[in-house]
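The chain contents come next:
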Amino acid sequence: QVFSEVVSQSLKPTVDFIVYSVELSRVQGLATPLTLYAWFAAASCLSSFTLPPFGELAATTQRLEGQFRSHHCDVIANCEQIAFLHGER
């Protein structure tokens, strides 16, 4: 059952793409779908060069939040000593 879902989810977009391309080229001519796909490729390339690396930013955020939580746990664990030594100043 899982295999059939994966196949249907993989094939449906492919079939839709082919049907859309064939019908669009039949109605508008071959230049229309080629122009659309060229525009999509150019926009994708431009986006890959101009957008920041979101994966690296998310990883850095997670690492820094983990360090913050670790230090916060250390403060909680040592709060009596910090208060005794007037560490709040």
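One can find the structure itself at the top, above this paragraph.
As a starting point, this report considers the structure included with it. (Residues numbered from 1 in each chain as written. Predicted model: local features only at pLDDT ≥ 70, side-chain atom pairs only at ≥ 80, totals over all residues. Heavy atoms only, no water.)

Focus: the pattern of salt bridges
The tally for this structure, following the rule as stated, stands at three salt bridges. For the salt bridge of Arg 26 with Glu 23, the shortest nitrogen-to-oxygen distance reads 2.7 Å. Here Glu 23 and Arg 26 lie together in helix H1 (residues 2-28), a separation of three residues that amounts to about one turn. Classification of Arg 26 by relative accessible area gives exposed; the value is 59%. (Salt bridge = Lys/Arg side-chain N within 4 Å of Asp/Glu carboxyl O. Helix = DSSP H or I, 4+ residues; strand = E, 2+ residues; numbered from the N terminus. Buried < 20%, exposed > 50% of the residue type's maximum accessible area, 1.4 Å probe, protein only.)

Describing the packing of H1 against helix H2 (residues 31-50)
Closest axis-to-axis distance for the H1/H2 pair is 7 Å, and the angle between their directions is 130°. Classified by the interaxial angle, the pair formed by H1 and H2 is oblique. Judged by residue contacts, Phe 17, Tyr 20, Ser 21, Leu 24, Ser 25 and Gln 28 of H1 engage Thr 32, Pro 33, Leu 36 and Tyr 37 from H2. Considering only residue class, the contact of H1 with H2 consists of six nonpolar, four polar and no charged. (Axes fitted to C-alpha atoms, helices over the stretch in contact; angles between N-to-C directions. Parallel < 35°, antiparallel > 145°, perpendicular 65-115°, else oblique. Contact = heavy atoms within 4.5 Å. Nonpolar A, V, L, I, M, F, W, Y, C, P; charged D, E, K, R; others polar.)

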